[in-house]
Amino acid sequence: GSLAHKLRELRESAKAPCDLLISLVPQQDATEQYDGGVKEVLKLIDILILSEVEAKGMTKYHQRANDINGNQEVEDHVAAFFASHTSLLVVVTLGVEGAVALQGGKVVHRQRTYRRDHPIDPTGAGDSFSAGFLFKYVANGADDNAIAEGMRFGCAVASNNVMIQGASIPASKSSIESTLALI
């Protein structure tokens, strides 16, 4: 589709492969079909950030009735689904459980979050995580440590997001720093 075409143009216009980092944060498909062209662009992006619901839908994960492993089974399924895209970093947000980063068919980092006792509004928590993750990931040079730092910062930003009514008021720098000390 047109997204794949635009991404190819971006890739071709970069002077060097390291001059461009493309991330994609799709929204949940209310039809649960996940056929909007996301799979078509996987080879053209560097980072895919999904909620757990989006990851399950895109990979056609169906929980077994006797599943006692919960997130571990989901992580294994999602990792296997994206394993052939060896350079693609897939980050799956897991709500109050934090987030997991997958690459080359395996888990490369798990990050717990600071669990809030009385969250006010979860609206925008995933987007806040994505912004925080990408900010720190790029700031840390997109290396292995950058994944851990990005996920830690993303979880701190999202944890603060749920304590504010509405998604348009960002958390303060000091509240994010305080949360970082707890995770």
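Structure's up top.
The rules we used
- Residues numbered from 1 in each chain as written.
- Predicted model: local features only at pLDDT ≥ 70, side-chain atom pairs only at ≥ 80, totals over all residues.
- Heavy atoms only, no water.
- Phe/Tyr/Trp six-rings, centres within 6.5 Å; stacked < 30°, edge-to-face > 60°.
- Helix = DSSP H or I, 4+ residues; strand = E, 2+ residues; numbered from the N terminus.
- Buried < 20%, exposed > 50% of the residue type's maximum accessible area, 1.4 Å probe, protein only.
- Lys NZ or Arg CZ within 6 Å of the ring centre and 35° of its normal.
- Pairing = 2+ DSSP bridges.

Chemist: Give a description of the packing of aromatic side chains that names residues and reports values.
Modeler: Aromatic ring pairs: the centre-centre distance and the angle between the two ring planes describe each pair. In the structure shown here, the tally under the stated rule is four aromatic pairs. The interplanar angle of 40° and the centroid separation of 5.8 Å between the aromatic rings of F135 and F153 together place this pair among those described as tilted. You can see F135 sitting in helix α5 (residues 125–139) and its partner F153 sitting in helix α6 (residues 144–161), a full 18 residues away along the chain. Of the residues examined, F153 reaches a relative accessible area of 15% and is grouped as buried. Members of the aromatic cluster, each reached through a chain of ring pairs, are F129, F133 and Y137. In this arrangement the basic side chain of K136 is found over the ring face of F153, its NZ or CZ atom lying 5.2 Å from the centre.

Chemist: Please give an account of the pairing of strand β2 (residues 47–51) that cites residues and values.
Modeler: The buried count for β2 comes to four of five residues, which makes it a mostly enclosed element. Note: strand β1 (residues 23–24) against β2, two bridges, orientation parallel. If you follow L24 over to β2, its bridge partner there is L48. The pairing of β2 with strand β3 (residues 89–93) spans five bridges and is classified as parallel. Bridge pairing in β3 links S51 to T93.

Chemist: Break down the pairing of strand β4 (residues 99–103) for me, with residues and values.
Modeler: A regular strand places its side chains on the two faces of the sheet in alternate fashion. A large share of β4 lies buried, amounting to four of its five residues. Note that β3 and β4 share four bridges and pair antiparallel. Counted as the bridge partner of V91 is A101 from β4. Between β3 and the antiparallel strand that follows it, β4, lie five residues; G95 among them carries a positive phi value of about 60°. As paired elements, β4 and strand β5 (residues 106–111) share five bridges and run antiparallel to each other. Opposite L102, over in β5, you have V107 as the bridge partner. Connecting β4 to the next strand, β5, in antiparallel fashion are two residues, including G104 with a positive phi near 60°.

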